[in-house]
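Survey of secondary and tertiary structure
Each chain is listed here by its residues.
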Amino acid sequence: MSDDTPRMRADARRNREQILRAAREVFADQGPDAPLDEIARRAGVGIATLYRRFPTRPDLFRGVAAEVFGAVDEAARHAAGAEGDPADALRRFMHAALDLKIGSVVPALLGHFTADELFGRERADPADPADPVETVDHLLARGRATGAIRPDVVFGDIVLMIIRLSRPLPGGGRIPDDDALAHRQLDLYVDGLRPTGSPGPTTALGGPAVDAAAFLRIRERVIDDARADVD
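Calculation notes
- Residues numbered from 1 in each chain as written.
- Predicted model: local features only at pLDDT ≥ 70, side-chain atom pairs only at ≥ 80, totals over all residues.
- Heavy atoms only, no water.
- Buried < 20%, exposed > 50% of the residue type's maximum accessible area, 1.4 Å probe, protein only.
- Helix = DSSP H or I, 4+ residues; strand = E, 2+ residues; numbered from the N terminus.
- Patch = residues over 30% accessible without salt bridge, like charges linked within 9 Å, V, L, I, M, F, W, Y side chains within 5 Å.
- Areas by Shrake-Rupley, 256 points an atom, 1.4 Å probe, with all protein chains shown as cover.
- Salt bridge = Lys/Arg side-chain N within 4 Å of Asp/Glu carboxyl O.
- Lys, Arg positive; Asp, Glu negative; His and termini not counted.
- Charge placed at Lys NZ, Arg CZ, Asp CG, Glu CD.
- pLDDT = per-residue confidence, 0-100.
- Core = buried A, V, L, I, M, F, W, Y, C linked by side-chain atoms within 4.5 Å.
- Contact = heavy atoms within 4.5 Å.

Right, let's get into helix α6 (residues 102-109). For α6, the buried fraction is high: 7 of the 8 residues fall into the buried class. Among all positions of α6, only I102, G103, S104, V105, V106, A108 and L109 are buried. One or two steps after α6, the chain reaches G111, where phi turns positive at roughly 95 degrees.

The following block contains the structure:
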């Protein structure tokens, strides 16, 4: 039996990852009321396996949200630790975050978890940033300081664009090559984050400048308001 235990644990871990990946796609496409049978089918597991891993629908909601934010955190830390051009590191982070479809998944699940459930966790290492927001903001500041990023770009210009681009285009179903188109548009956008050859940008940025602190306030309010509506 001991020989089978590692394999069984690996199978269980793989099943969990497949369920979360499938749930992320289904919730992004169909919303939080999507049939769990469809999630199990896409994951390639039986419905009983899904229920063993996630006994209730809210358990699955929290699992998907935690998995998405954990992956965003990992991508941000990887980019921040990379050497070389900060703008290229920022580009890699944005493409990784775009693949997670955060702009489709998280809005679909708002109201089914609290901010504390996702962001109130204790840090394993006190020296680590408390939140991926800090990691991305640090990376952005490094880009501005080295001249790789234009000086008037702030945190919201990065994350809010990822959210916009990761929402599927309208039109009654996913448009063919929608994901590839979003990555193309992201590359165009990231190129626009670089300064021009002049000492400063040729055009001033309009609209509100949502810095990291403002984004944190907005995030908490949106999550808590949605939670209050559900309760």
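That shown, we press on.
What follows concerns a negative patch on the surface. A surface patch of negative charge is lined by D116, D224, D225 and D229. The biggest single contributor to the negative patch is helix α11 (residues 212-230), with 3 residues. Its place among the elements puts D225 in helix α11. What makes D225 partly exposed here is its relative accessible area of 43%.

With that settled, consider the confidence of the model for the protein chain. With 85% of its residues at a pLDDT of 70 or more, the protein chain shows a mean pLDDT of 83. When mean pLDDT is compared element by element in the protein chain, helix α2 (residues 36-43) scores highest at 95, while helix α7 (residues 115-119) scores lowest at 74.

With respect to the secondary-structure elements, G46 resides in the loop between α2 and α3 (47-53). Residue G46 is classed as partly exposed on the basis of its relative accessible area of 38%. With 31 residues separating them in the primary sequence, G46 and N15 have C-alpha atoms 10.0 Å apart.

With that settled, consider the pattern of salt bridges. Inspection of every chain in the model, using the stated rule, returns 15 salt bridges. The partner of R194 in a salt bridge is D88, and the shortest N-O contact between them spans 3.3 Å. Taken as a pair, R194 in the loop between α10 (178-193) and α11 and D88 in helix α5 (residues 86-99) lie far apart in primary sequence, 106 residues in all. Its salt-bridge partner being K101, residue D179 comes within 3.1 Å of it at the nearest N-O pair. Note that D179 is positioned in helix α10 and K101 in the loop between α5 and α6, a separation of 78 residues in sequence. Classification of D179 by relative accessible area gives partly exposed; the value is 39%. Among the charged side chains, a salt-bridge network with shared partners connects E25, D29, E38, R41 and R42.

With that out of the way, let us pick up the nonpolar core. Among the nonpolar cores identified, the biggest contains 62 residues, and F27, I39, L60, V64, F93, M94 and I158 are the most heavily contacted of them. The greatest single-element share of this core, amounting to 10 residues, is contributed by helix α4 (residues 57-80). Once residues lying within four places of it in the same chain are set aside, the contact partners of I39 are I19, A22, A23, V26, F27, L50 and L60.

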